[in-house]
Each structure stands twice: as structure tokens, then as C-alpha cells.
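# Observations on chain architecture
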Amino acid sequence: MNKPGNTPVTRRGFVQFLARGTGLVVAVGAAWKANASKVFREVLPSRSIAPGNHKWVMVIDLAKCDGCRDCTRACTAMHFVPPMQEWIKIFEVTDNEAAGPYFLPRPCMQCDNPPCVRGCPVGATYKRTDGIVIQDDDRCIGCRNCIAQCPYSARSFNWGEPPHTPEEKARPYDVEYNYPHRKGTVEKCIFCPEHLRMGKLPACAATCKMGAIYFGDQLDDAVTNGKGETIQFSKIARRGAAFRLLEELGTEPRVYYLPPSTRKYPSPDEKHHTEMAGMEH
Amino acid sequence: MEAREQNLLRTLQENTWRFYAWVGFLGAVLLWGLYAYLQQLRNGLIVTGMRDQISWGLYITNFVFFIGISHAGTLISAILRVTDTRWRMPITRMAEGITVFALCIGAPMVMIDMGRPDRLLNVFRYGRIQSPIIWDVLGVSTYLTGCILYFYIPMIPDLALLANVPKLSSWRRRLYRRLSLGWTGTEHQKALLERAISAMAIFIIPLAVSVHTVVSWIFAMTLRPGWNSSIFGPYFVVGAIYSGTAAVIFSMYVLRRVFRLQEYVQQLHFRKLGLLLLAFSLIYLYFNVNEYLTVGYKLEGTERLLMDRLFGGDYAGLFWIAQGLCVFLPAALMIVVLGFKRYHRFTIPAVVLSSVMVIVGAWAKRYIIVVPTLRTPFLPSGQRLPWQWTHYHPTWVEWSITAAAVAGFALIYTLMAKLFPIVSIWETREHEAEVEVPEAAPAKPLRWWKPGIVFPVLVLGALLIWSVSAHAAAPAKPKEIKTAAITAEWKALPVEANREPAAAENNASPSDERVALYTAPFLSLRRLFGSSAQNEQNPAPPIAVTATLRDASGAPITFKPVEFSLQTAFGVVDFGSRPTMADGRAQLVIKDHRYGSYPVQVAFHGDDEYAAANFNIKVDFGARPSPALPEAGMLIAPYATPHIAVPFLVFYGTMWVAFVYTFGYLILWKMRRPAEAAAIAQTAPPLPVATPFDAHQIARPTLKPTNGEMS
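So, a few notes on the structure that sits alongside this text. Since the structure is predicted, the reported quantities are computational estimates derived from the model, not experimental observations.

A word on the overall build of chain A. Looking only at helices and strands, chain A has nine helices and eleven strands in total. In terms of overall dimensions, chain A is more spread out than a globule: its C-alpha atoms have a radius of gyration of 26 Å, far above the 19 Å expected for 281 residues. With the C-alpha coordinates of chain A rotated into their principal frame, the extents come out at 105 × 45 × 40 Å. Taken across its 281 residues, chain A has 52% of its residues classed as buried. A separation of at least 24 residues holds for 60% of the contacts in chain A among residues at least 6 apart in sequence.

Looking only at helices and strands, chain B features 25 helices and seven strands. Within chain B, counting contacts between residues at least 6 apart in sequence, those at least 24 apart form 80% of the total.

All names here are of chain B. Taken in spatial order, the three strands of this open sheet run β1-β2-β5, and their pairing is antiparallel. The open sheet terminates on both sides in strands that have one partner only, identified here as β1 (490-492) and β5 (585-590). Neighbour-to-neighbour, the strand axes of the sheet open up by a mean angle of 20°, direction not taken into account.

This next bit is on the environment of A316(B). Summarising the element assignment, A316(B) is placed in helix α14 (residues 316-339). C-alpha of A316(B) to C-alpha of L38(B): the two residues are 278 residues apart in sequence and 34 Å apart in space.

So, on to the packing of helix α11 (residues 232-259) of chain B against helix α12 (residues 267-298) of chain B. Residues and elements named next belong to chain B. Two elements in contact, α11 and α12, have axes separated by 9 Å at closest approach and are oriented at 155°. The pairing of α11 with α12 is recorded here as roughly antiparallel in orientation. Like other packed secondary-structure pairs, α11 and α12 cross with a definite hand, here left-handed. Together, P234, Y235, V238, G239, I241, Y242, T245, A246, V248, I249 and M252 of α11 and H269, F270, L273, L276, L277, F280, S281, I283, Y284, F287 and E291 of α12 make up the contact between the two elements.

Calculation rules
- Residues numbered from 1 in each chain as written.
- Chains lettered and ligands numbered in written order.
- Predicted model: local features only at pLDDT ≥ 70, side-chain atom pairs only at ≥ 80, totals over all residues.
- Helix = DSSP H or I, 4+ residues; strand = E, 2+ residues; numbered from the N terminus.
- Rg over C-alpha atoms; globule rule 2.2 N^0.38 Å.
- Buried ≥ 20, exposed ≤ 12 C-beta atoms within 10 Å, placed from the backbone.
- Contact = placed C-beta atoms within 7 Å.
- Pairing = 2+ DSSP bridges.
- Axes fitted to C-alpha atoms, helices over the stretch in contact; angles between N-to-C directions.
- Parallel < 35°, antiparallel > 145°, perpendicular 65-115°, else oblique.
- Left-handed = near helix turned anticlockwise from the far one by under 90°.

In C-alpha cells form, the structure reads like this:
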């Protein structure tokens with residue numbers, strides 16, 4: 001043995017070794033790529049293309065919401081939403097001590113910069129060209145990163161096996177109505193794409209008897225509520241000083257709110273008061 | 001063989017009843033955890049205390065904790081090896097073992113947390129490099145591979161030694177012989193091994209830092225109060241090394257007691273590591289102050305609620321216990337014991353006590369990071385939900401699985417300590433020899449960085465870019481609906497000058513700015529060359545709709561209201577009425593942001609003189625923009641985008657190249673071909689060029705005067 005540590009690393013040996021290694025890597029890479037390009041070129045984009053050229057938008061007039069939760073019930077009935085989940089949830093919000101409380105319906109915001117989509121490891125939730133953030137429970141692995149990501153708490157999880165009904169089980173699963181529900185997957189409001197295909201309003205907007213939820217196509221520049229009133233989206237957003245929830249987070253929601261001014265129904269405070277009075281009598 | 005080595009080998013051979021009892025106990029805990037997990041598999045995560053609001057709990061806490069503990073090996077072994085700290089020799093193997101075993105326990109914790117573990121392979125089938133979860137998969141798997149290699153490579157000489165110990169059973173000797181890869185202890189092999197170890201030590205340090213950084217990014221990449229913090233990366237890395245050091249000290253103490261390793265592990269080691277632990281406790285204290293003061297000073301919105309809950313509310317008890325155990329108490333104790341000479345004799349118990357406090361405190365600290373933030377979202381969904389759905393209380397299933405994780409860690413450690421020598425025999429032996437005979441060795445003009453390595457890196461890089469550049473084809477643009485040309489009933493007016501500011505405003509929308517910040521300087525040719533055509537929507541021109549109201553004879557009907565309305569997908573937009581002028585024409589100018597063609601109805605509702613009449617025309621407001629994903633597409637795209645993929649894949653790809661080089665080339669291929677190597681050595685004398693990356697210089701700085709600055 002010659003000098004200690006005098007081990008030669010010759011270029012020839014090294015290149016030989018590397019050639020074998022690279023050959024293997026290239027072979028594996030090519031095989032992977034063949035499969036991947038199919039996924040990339042066919043499967044993924046086709047999922048993101050919506051059936052029509054629309055930009056769905058929702059406008060919720062807080063001045064009209066009386067907190068009856070008909071929208072939640074209609075949504076639950078239409079999608080067979082499992083118990084303890086509310087895809088559109090009515091919050092009773094008090095911004096500060098001085099301000100009176102108001103009701104705030106919160107569907108999924110269908111953000112244009114959706115944190116949930118960013119964080120999903122498998123593309124089980126994805127943005128569609130019509131603005132809807134879809135949830136694919138055939139693919140969801142249940143890591144719940146999207147729940148952690150969503151600042152609007154708009155996502156729910158099937159912690160156990162959800163109770164099933166025959167009507168729910170009657171149809172095969174489809175992302176456009178998102179049932180039958182399955183254990184261990186995430187659920188959310190999806191703006192009822194199935195209704196939209198048929199030219200109907202989403203269940204919540206169609207049901208609201210106060211006409212508080214307007215829904216429409218931003219490219220139509222018109223939104224319609226359940227009472228058939230259609231208003232110009234750009235006009236109502238501008239004149240009504242529409243705002244979006246947690247705008248400062250940069251999520252670019254597709255749900256706009258009109259401020260709860262000039263209410264024509266009992267405020268949450270008054271409601272509680274009459275309920276209490278009713279209980280006393 | 002010395003007496004102390006005989007003693008060390010005894011740990012491999014002799015099993016007392018205590019050993020069997022201990023293994024039996026750990027096995028029982030593990031089985032109980034398995035039963036709990038089966039319950040969870042059958043019934044779903046409903047058996048845990050997690051619910052929609054607090055959707056991560058003990059499992060994620062354990063994951064972060066164990067990944068943190070795994071940084072022990074990196075610190076003690078790699079950093080101390082690179083800086084050539086001599087006293088590390090007897091404890092490197094223990095530290096490296098902790099790293100491997102903690103990773104083996106930590107990584108499955110996320111799988112246990114999954115709602116659909118049956119779909120685990122979706123992570124590889126559909127993985128999106130934009131997701132922090134995938135960063136973790138990439139990082140942890142690379143790190144685990146690296147740590148196994150880093151645990152295994154320095155053990156090779158010991159395995160060869162053990163293969164020749166006749167007292168061991170034959171299957172074990174066969175195993176050791178197989179694993180020792182033909183190690184005979186020649187100078188050539190030693191040099192190769194040194195080089196492999198040094199290269200691994202260098203690569204494992206940035207890898208370890210990156211792994212705990214991406215673990216922290218799972219949290220820091222959210223918009224949650226308390227997680228939405230730029231300090232999380234280094235905060236987690238320091239916390240990880242801190243808890244890892246504590247784990248090394250604790251395991252050192254236990255192994256010393258159990259295996260009677262007093263000859264190897266001395267008070268010196270506890271003192272040195274105690275000082276390290278003290279240093280890290282102070283750094284960690286600094287990070288804690290930084291984290292909570294910046295948030296607590298401003299008390300912004302929801303963060304205020306979080307601070308209230310941590311410092312004086314629901315979580316105050318656990319918070320202060322965690323802070324006390326994790327930072328204050330150990331720091332104070334070690335300052336007293338290590339700082340004052342009269343207390344030096346308490347070094348071992350005090351340092352071990354501190355490390356136990358740090359380990360427990362680190363776990364509580366992880367819990368404090370994970371749970372209270374989830375409890376405090378922007379929109380708390382607590383209204384009209386039962387109490388259990390908004391508060392988190394771990395169930396027996398979660399506690400059982402957590403106990404099983406700890407037991408599993410202890411079990412692997414125990415069995416591995418029985419199977420492999422827990423103190424590196426050849427390194428401690430060599431270390432002694434070197435201390436006795438500090439002779440100068442000839443310069444080692446070895447370069448492990450050969451020009452040839454550039455080639456595979458380039459190939460791999462090209463492959464990565466090739467694979468990630470497989471963009472999806474842009475969504476096919478549907479054919480534009482051609483509308484029939486309508487006669488003079490409507491026309492588009494020229495775009496008014498005062499519309500321009502609005503258009504400019506549109507282009508400079510905040511989303512655009514933000515996306516540009518992310519993408520413009522980096523690889524986005526489309527942006528660099530300024531073609532934002534996709535984004536640019538021509539402002540819709542104002543449309544003038546003119547209705548002409550005439551009677552049967554064709555004479556204009558004047559000053560009558562004509563109502564204009566437009567049919568949209570869901571309803572009818574009412575534009576109100578306009579009166580007809582003297583020529584019988586009523587004009588409506590529509591200036592909406594509307595695209596596509598729509599039926600417009602002009603209606604005269606009739607009055608005393610004239611009957612009602614209406615007329616429908618189709619008005620074209622201009623082409624609809626082609627359907628596209630929003631501009632933030634880089635992060636939300638369903639396919640890998642190079643902006644995110646290239647940095648990650650290049651970093652971890654480099655690590656894999658390094659693994660292939662050190663293990664595949666140096667150990668597997670090179671070390672087992674001594675004859676060929678010797679032949680080549682004669683024909684190709686190595687060049688006496690020292691590079692900054694010379695592994696030998698780093699491994700043995702004392703041997704060369706030029707390396708003074710390295711150590």
C-alpha cells in the first residue's frame with residue numbers, strides 16, 4: 001500500500017460509475033415522465049376547465065340577512081351535508097363594543113388566490129376557470145392542510161363515517177355535487193355547479209326569502225337573488241361599497257358583502273330580546 | 001482488545017432478565033397503541049379529540065417533536081465532526097442512532113394523522129410541489145436516507161470487527177460480515193471511509209436545517225395568527241437542535257448507566273454537552289422573546305386573543321410550564337452548576353435533569369405551537385356547535401398512540417443498542433492512539449470534488465427541468481359564438497377618454513402586483529418581456545341601444561316611455577325607461593363591464609292611445625375573455641411550476657447526488673475494489689491541489705498546518 005489516504009479517484013472510474021447511475025436515473029425518469037405527461041397534459045387541465053365560460057360571483061346583502069338560516073338548511077338538504085357541518089354558516093358578528101351585531105352568512109369564498117389550493121398536496125382541491133374552488137373527494141388524502149390554510153373556516157372534515165340516506169347513495173360520486181360523502185375527506189361549499197349547469201341559482205341563493213344572497217356571472221355584470229331581482233354587479237359593488245371578508249389577507253374572494261346598514265328586520269340583539277321575552281311568558 | 005472494549009462488547013452479548021422485561025413492556029405499549037390505531041382506522045378520526053376547528057393535535061405535535069429530536073445526530077455528529085471536536089468520539093453513534101430512530105417514528109406520525117391512509121400513494125401520483133406537505137415528504141425522506149447512511153457508514157469498521165468476534169451467534173456474525181462490505185482496514189479503505197464520512201457530514205448539515213425549516217413552513221405558509229410568522233424557520237431549527245441535544249444527553253446517561261460505559265462517557269462529555277445545551281437554551285430564549293414580543297407588542301386583531309389565551313387564558317398553564325421547562329429552569333440550573341466551580345460535582349445529575357426538562361418542555365412547546373393557534377381562527381366556528389367541537393381534548397386513542405410512539409422509539413433504540421455497538425469502537429480507539437502519537441502525516445492531496453461530478457448534476461438538473469416543464473396545455477379556448485349582425489338598432493360607441501383611468505387601475509390591481517413580485521424576476525419570460533396579454537381585458541365599449549317607436553303609418557310616436565331590459569343567465573337587468581324624442585327614438589347608453597351577447601328587450605307598455613309593443617334584439621357587448629385560471633396561477637396550478645419546483649428539486653436532488661457519491665461510489669463501489677484502485681493509483685498520481693472542500697483537511701485539521709483556520 002502506498003502513502004496513506006492516497007486513494008485515487010480517477011476520472012475514468014468515476015465517469016463509468018456515473019454513466020451507469022445516470023442511465024438508471026434516465027430510465028426511471030423516462031418511465032415516470034411518460035406517465036406524468038399524461039397526467040399533466042390530459043388529466044389535470046381537463047379538471048380545471050369549467051363547463052361554461054363564466055366567472056361566478058356572489059353578493060350577500062348583510063342589510064337583508066335576518067339570520068333565519070334557510071340557506072344553510074337548503075344547502076344541507078341539497079348536498080346531504082353530514083351533521084355538524086354547515087357549508088354556508090351564519091355567524092353573528094359584533095365588530096366592536098359600540099357597534100350592533102349583525103348576521104354574516106359565510107359560504108366558501110371561492111378565492112381567486114385560494115390558500116387551500118396552494119396547500120393541497122395532491123390537487124384534490126383545485127381552482128376552476130369559472131372561479132369555483134372544487135373539492136375532489138376521490139383524491140383527498142385527509143391531511144387537513146387545507147383546513148389549516150383556510151382563513152374563513154369554510155372547510156369541514158368527515159371525522160367519522162357520515163350517515164347516509166338512500167337518495168344520497170343513489171348517485172355515483174361527482175365533484176359537481178360532492179356526495180356520497182366519505183369518511184376521512186374534506187368537504188366544502190362549491191357554489192352548486194350542478195344547479196349552475198341547469199341555469200338555476202345555487203341552493204342558498206334560491207332559498208333566501210329575504211333576497212339577501214345574489215348570485216351571478218361577473219362577465220354578465222349581473223347578479224340575481226332568490227326573489228328574481230337582478231341587479232348590476234358593478235353598480236351595486238361600487239355604490240353599495242361592497243367589501244370582501246378579510247380582504248387584507250390577499251385571498252381575493254369571489255364573495256362580496258354589502259354593509260349591514262339600514263336594516264329592515266330585527267337585529268340579532270332585538271331577536272335575542274324577543275326570544276328571551278317569549279321564554280319568560 | 002482492551003478491557004473497556006470487552007466491556008462494550010458485553011453489551012452486545014449478554015441479556016439480563018431486565019432487558020427482556022423492558023422489551024416486553026415496550027412491546028406491550030406498542031401493541032396497545034396498535035390496537036388504538038386499529039380503532040381509529042375502523043371508526044375514522046372521530047375517535048380522536050380533533051374536530052373541524054382544531055383539526056391538528058397530538059399527532060402533528062409528535063411529528064414536529066420527533067423530527068426535532070432527530071436533529072441530535074446532525075449537531076453532535078456532523079457539526080462536531082466538521083469542526084473536528086475530539087471529545088465527540090464516544091457519543092457520535094448514540095446521537096446518530098437517535099436521529100435515525102426519531103425519524104422512523106416521526107415520519108409515520110403524519111400518516112397516522114391522515115384521514116385516508118389508504119390513499120397514501122396519491123402523494124406520489126398527484127403530488128404538487130407547491131404544497132408544503134410535499135416539501136416535507138421530499139425533505140424528510142431525503143433526510144431519513146441521509147441519516148441512515150450517516151449512521152451506517154461510520155459503523156462499517158466496527159461491523160467488520162464484530163464479524164470476527166467468535167462469541168457472537170453465527171447469524172449475527174453473518175449479518176455483520178455482510179454489512180461490513182468487505183472491510184479489511186487497509187489504509188486505502190480507511191481513506192475512503194474518512195472521505196465518505198466527511199462528505200456526508202458536510203451535506204447532512206444543510207439538509208437538517210432545511211428539513212426542520214420545511215416542517216415549520218407547514219405552519220408558516222398559512223394565514224393563521226401565530227403561525228403567519230417569518231421567524232418560524234430558524235425558530236424551529238434552533239428548537240430542534242436544542243431538543244436533540246437534550247435527547248443525546250439523556251440517552252448518554254441512560255446508556256452509561258445500563259451498559260456501564262463510564263470508561264467512555266465521562267463527566268467531561270456531560271459538561272461539554274451541558275454547555276452546548278445552555279448555549280442553545282439561551283438562543284431559544286432569544287427566539288421566544290422575538291416571537292412573542294413582536295406579536296404581543298402590537299396585539300393585532302385575532303393575535304391579541306391568541307396572546308391572551310397563551311399568557312393568561314385557556315392555555316396559560318401549559319404555556320408557562322412549557323416555557324419554564326423548556327427555557328428558564330434548565331438555563332438557570334445549568335448556569336449554576338456549570339458556572340460555579342463548587343457545584344461542578346453535580347454536573348451529571350444537573351445536566352441530565354435539565355435535558356429531561358428540555359425534552360418534556362419541548363414536547364409541550366410543540367403542542368403550544370400547534371393547538372392554540374387552531375383554537376383561534378379569524379372566524380371561530382364555535383357558534384351553535386357543541387363544546388367538544390370547538391375545544392381540543394386528546395382522547396385515549398391519541399394518548400395511546402403517542403405513548404406507543406415513545407415506546408417504539410425506546411424499543412428501536414434498545415434493540416439497535418443490542419445489535420450494534422453503541423459506542424464507535426474504531427473511532428475511540430483511533431482517537432486514543434492519536435492523542436498518544438501526534439505525528440505529522442504527509443499532506444493528503446485529495447479532492448473529492450472532481451470535475452466529473454458536474455456532469456451528473458447537469459444531467460439531473462436537466463431532467464428535473466424537463467420533468468417540471470411539462471406544463472399542462474392551456475385550457476382549450478372554446479369557440480367564440482358568432483352572433484348574427486344586427487342592424488342599426490344598437491351600436492358600440494367609441495371608448496371615452498375618461499374610461500382610461502379605470503382601465504389602468506384594473507391593470508395595477510393588488511393581485512397583479514403581488515404575483516409580479518413572486519414571478520417577474522424569476523424564470524418568467526412572459527412577464528420579463530412584458531406580454532400580459534392574457535390579463536388585459538379590453539374595456540367594454542359603451543353600447544347605445546336605440547329604440548324607435550312608430551305607429552302603423554310609420555310616423556314617430558313622441559314622448560312615450562320605452563323600457564329597456566337585458567336577459568342574463570339567471571335574471572333580467574332592468575335599465576328603466578327612456579322617453580322617445582321628437583323623432584320617435586329613445587336611446588339608452590349602457591356602460592357596464594359586460595362581455596358576450598345578450599338579448600335586450602325594448603318594451604312600450606301601451607297607454608290610452610297606443611297598444612303595448614315590444615321587440616327583442618341581440619346585443620353584442622364584445623368577446624368574453626377566454627376562460628383562464630386567476631393570475632396567481634403559479635401557486636395554485638395543478639401541475640408543477642418551475643418557480644417552486646426547481647429550487648426544491650435542485651436542493652434535494654443535490655443531496656441525492658451526494659448520497660450516491662458517498663455511499664454508492666465511495667463505499668459500495670470504490671471500497672470493494674482495492675486491487676483496481678491500487679493499479680490506478682500507480683498510473684494516475686493524484687494532483688497536489690487542495691480545494692476548500694478537501695474532506696481530509698476537514699476531517700483531520702490537526703495534521704496540517706494550513707488548516708488552522710478550519711478548526
